[in-house]
Amino acid sequence: MFADVKTTNDTHDTPAVVFDNRFVRELPGDADASNRRRQVLHAAWSAVMPTPVAAPQLLAHAGDVAELVGLPEAFVRSPDFARVFGGNALLPGMQPYAACYGGHQFGNWAGQLGDGRAITLGEVLNARGERWELQLKGAGPTPYSRTADGRAVLRSSIREFLCSEAMHHLGVPTTRALSLVTTGDAVVRDMFYNGNAEEEPGAVVCRVAPSFIRFGNFEIFTAREDLALLEQLVDFTIARDYPHLVDIADITMRRAAWYREVCERTARLIVHWMRVGFVHGVMNTDNMSILGLTIDYGPYGWIDNFDPHWTPNTTDAQMRRYRFGQQPAIAQWNLVRLADAIAPLFTDESVLQAGIDRYSEVYVADYEAMNAAKFGFVRRGDTEQQIIRDGFKLLYDAEVDYTNFFRRLGNIPDELPAFEDDDRRGTVTEVFGNLLETVFGEVFYDRAKLHANVQEISDWFSRWHACVRTQGRSYEERRAAMHAVNPWFVLRNYVAQQAIDAATAGDPSLVHTLLEVLRTPYTEQPQHTALVARRPEWARYKAGCSMLSCSS
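Residues numbered from 1 in each chain as written. Predicted model: local features only at pLDDT ≥ 70, side-chain atom pairs only at ≥ 80, totals over all residues. Heavy atoms only, no water.

Draft legend 1. Seen up close, the nonpolar core. Counting residues in each nonpolar core, the largest one holds 163 residues, and the members touching the most others are Leu71, Phe85, Phe218, Trp258 and Trp464. The greatest single-element share of this core, amounting to twelve residues, is contributed by helix H8 (residues 251–276). Excluding residues that lie within four positions of it along the chain, Phe85 makes contacts with Leu71, Phe75, Met94, Leu121, Leu134, Leu136, Leu178, Ser179, Val181, Val204 and Cys206. (Core = buried A, V, L, I, M, F, W, Y, C linked by side-chain atoms within 4.5 Å. Buried < 20%, exposed > 50% of the residue type's maximum accessible area, 1.4 Å probe, protein only. Helix = DSSP H or I, 4+ residues; strand = E, 2+ residues; numbered from the N terminus. Contact = heavy atoms within 4.5 Å.)

Draft legend 2. Representation of the packing of helix H9 (residues 327–342) against helix H10 (residues 350–375). One way to put it is that H9 packs onto H10 with a least axis distance of 10 Å and a crossing angle of 160°. Accordingly, the angle class assigned to the pair H9 and H10 is roughly antiparallel. Here the hand of the crossing between H9 and H10 comes out right-handed. Residues Pro328, Ala331, Gln332, Leu335, Val336, Ala339 and Ile342 of H9 form the contact with H10, whose own contacting residues are Leu352, Ile356, Tyr359, Ser360 and Tyr363. (Axes fitted to C-alpha atoms, helices over the stretch in contact; angles between N-to-C directions. Parallel < 35°, antiparallel > 145°, perpendicular 65-115°, else oblique. Left-handed = near helix turned anticlockwise from the far one by under 90°.)

Draft legend 3. Looking closely at the packing of aromatic side chains. Enumeration according to the criterion identifies 30 aromatic pairs in this entry. Ring geometry for Phe218 versus Trp258: centroids 5.5 Å apart, planes at 55°, classification tilted. Linking Phe218 in helix H6 (residues 215–223) with Trp258 in helix H8, this pair joins segments that are 40 residues apart in sequence. Judged by relative accessible area, which is 0%, Phe218 ranks as buried. (Phe/Tyr/Trp six-rings, centres within 6.5 Å; stacked < 30°, edge-to-face > 60°.)

Draft legend 4. Inspection of the pairing of strand S8 (residues 108–112) at higher detail. Direction of pairing for strand S7 (residues 102–105) relative to S8: antiparallel, over a ladder of three bridges. Bridge pairing in S8 places Gln105 opposite Asn108. Where S7 folds back on S8, the antiparallel hairpin that results is connected by two residues, among which Phe106 adopts a positive phi of roughly 55°. (Pairing = 2+ DSSP bridges.)

Draft legend 5. Layout of the pairing of strand S13 (residues 198–209). In terms of burial, S13 is a largely internal element, nine of the twelve residues being buried. Sheet analysis places strand S11 (residues 152–153) next to S13, joined by two bridges and oriented antiparallel. Residue pairing for S13: Val153 is matched across the bridge by Gly202. Of the pairings in the sheet, the one linking strand S12 (residues 176–189) to S13 comprises ten bridges and is antiparallel in character. Residue pairing for S13: Ala186 is matched across the bridge by Pro201.

Draft legend 6. Quick peek at H6. Burial within H6 is extensive, with eight of its nine residues counted as buried. Of the residues making up H6, those classed as buried are Phe215, Gly216, Asn217, Phe218, Glu219, Ile220, Phe221 and Thr222. Of the surrounding secondary structure, the elements contacted by the buried residues of H6 are strand S6 (97–99), S7, S8, helix H7 (227–241), H8 and H9.

Draft legend 7. Molecular detail of the side chain of Arg38. On the secondary structure map, Arg38 appears in the loop between helix H1 (22–26) and strand S3 (45–47). Given the relative accessible area of 11%, Arg38 is considered buried. Within the local environment of Arg38, its side chain forms a polar contact with the backbone oxygen of Ser34, the two atoms lying 3.1 Å apart. There is a polar contact of 2.6 Å between the side chain of Arg38 and the backbone oxygen of Arg36. Setting aside its immediate chain neighbours within four residues, Arg38 contacts Asp30, Asp32, Ser46, Gln112 and Pro143. (Polar contact = N/O pair within 3.5 Å; in protein donor to acceptor, adjacent residues only side chain to side chain.)

Draft legend 8. Looking closely at the environment of Gln332. Mapping Gln332 onto the fold places it in helix H9. Owing to a relative accessible area of 26%, Gln332 belongs among the partly exposed residues under this scheme. Those residues within four positions of Gln332 in sequence are excluded, and the remaining contacts are Ile356, Tyr359 and Ser360.

Draft legend 9. Structural context of helix H16 (residues 475–485). Among all positions in H16, only Tyr475, Arg478, Met482, His483 and Val485 are buried. Down the axis of H16, the buried set is contained in an arc of 165°. They therefore lie on one face. Exposed residues lying more than 90 degrees from the buried face of H16 are Glu476 and Ala480. Packed against the buried residues of H16 are H8, H10, helix H12 (402–409) and helix H15 (454–468). (Arc of directions from axis to C-beta.)

Draft legend 10. Up close: the state of the cysteines. Applying the stated rule across the entire model yields zero disulfides. Of all cysteine sulfurs, the one in Cys545 lies closest to Cys163, which takes part in no disulfide; the gap is 15 Å. Owing to a relative accessible area of 0%, Cys163 belongs among the buried residues under this scheme. (Disulfide = S-S within 2.5 Å.)

Draft legend 11. How the structure looks around the pattern of salt bridges. All told, the structure shown has 44 salt bridges when counted by the stated rule. A salt bridge links Arg207 to Asp296; the nearest nitrogen and oxygen atoms lie 2.7 Å apart. Taken together, the residues Arg207 in strand S13 and Asp296 in the loop between strand S14 (278–279) and strand S15 (301–302) connect sequence positions 89 residues apart. Its relative accessible area of 13% is what places Asp296 among the buried residues. Linking Asp235 and Arg255 is a salt bridge whose minimum nitrogen-to-oxygen distance equals 2.9 Å. On the criterion of sequence distance, the pair formed by Asp235 in helix H7 and Arg255 in helix H8 is long-range, its members being 20 residues apart. Owing to a relative accessible area of 25%, Asp235 belongs among the partly exposed residues under this scheme. Counted as one network, the salt bridges with shared partners bring together Asp20, Arg22, Arg25, Glu26, Glu123, Arg131, Glu133, Arg240 and Asp241. (Salt bridge = Lys/Arg side-chain N within 4 Å of Asp/Glu carboxyl O.)

Now the structure itself:
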């Protein structure tokens, strides 16, 4: 079946990449070598080869990721690179496989899931001794594909490729993206599950991470009462992905310390999501990384107008389980499911509760510190906390753009314009109303809501401005600090959709432009101001620009 997938080793451009595939070497694999769809028992992985495509062509790549994994630019530019990372060839040392895992989806146990359209090629050891898994998404069916074809379309692949890199440069823990390869094959997808399936261009993304192990990798073995394999996987994960814990002699304490650190990393991840306004959209346990990384970019989005109730996922439109403001609670719920999964390895489950408690402690402390930084506060007293709470309420009531508001808030000077008659009624409203128009004119989505809340907004600005000036920093220091946590650029859905539309029509230039812009998201780039504008009205309900499906 896979005779066309060959090992590339007959060209001078082939890089000398070292593979050390511990996952397949140290964990039991599937005894069934076929690629038929089935329940895979007593195995952590199934050997599976990528399915060759008609005409692999490199559309885009991240040069720093290529360097990270030891792939020289000459190889990236060669036809062999597209063949390997499109699924038509292997580098020496690659051992492709799909992982077995389960998961809770939308709060319900879904049983076996597994890598249905992801195939890990192998684990690279780079020159610094770092381990990086290379994983193709959209490279064909696996035993875990269920009724799907294992393929991915160009639109979802562009979204994953760009967002992986955007999140990294925003400082958010994430998987990376090495390459985006078009396949020359058509893929049939029903984007909104409404019976309107269409042919779309296919593509393959190569994702890169130190580990792709998820909460669901542990859940599946507990659900099947395969406790020997559960124990083996836990200890393998600690040894490979948390080596600093290996020196803890007592195995129970070592495992407890590992779970505690998973909780801490997850808490810090969610704080970063909230900081930049990111909504994952599908926080199922099979989409939660054991390393606290953002993983599996499907119907994600950045909030445009501040709305804690917004979700980008059409599948979640009714329950809104994975809405922006609910993400911290869902992460904790998922950590409890992970605790349930590994509980059979502990005689005293109080150590797991301690991990959950640690999640809450870290999240609350880091979230409060993050919000203080966003608003320009050094102190976090009662006055500052009340201003922050009132500020978020006004952002919601007045339908204010989240990203642009905080970016422009940092530009408010210490000295404000004054009127000749300081006793004139309405002075505060007029001073800050002036600022609303000149500094914040492009952050309001609904002028009627602005005018309805103008007095409250003006009063809030007056309180904020008076407070921020007592924090002991110069305007320049405050501005630099606020701009370091409040990005100038985020990959808004409507901007990504424009790149998708152009690339589908044969012009990938906007993909390349975005790849450059997103590398310095905290630096203002005047030549690209169109890419940071608030969502235009035409994009409010346009497919791909607001809500998306899990097929997106």
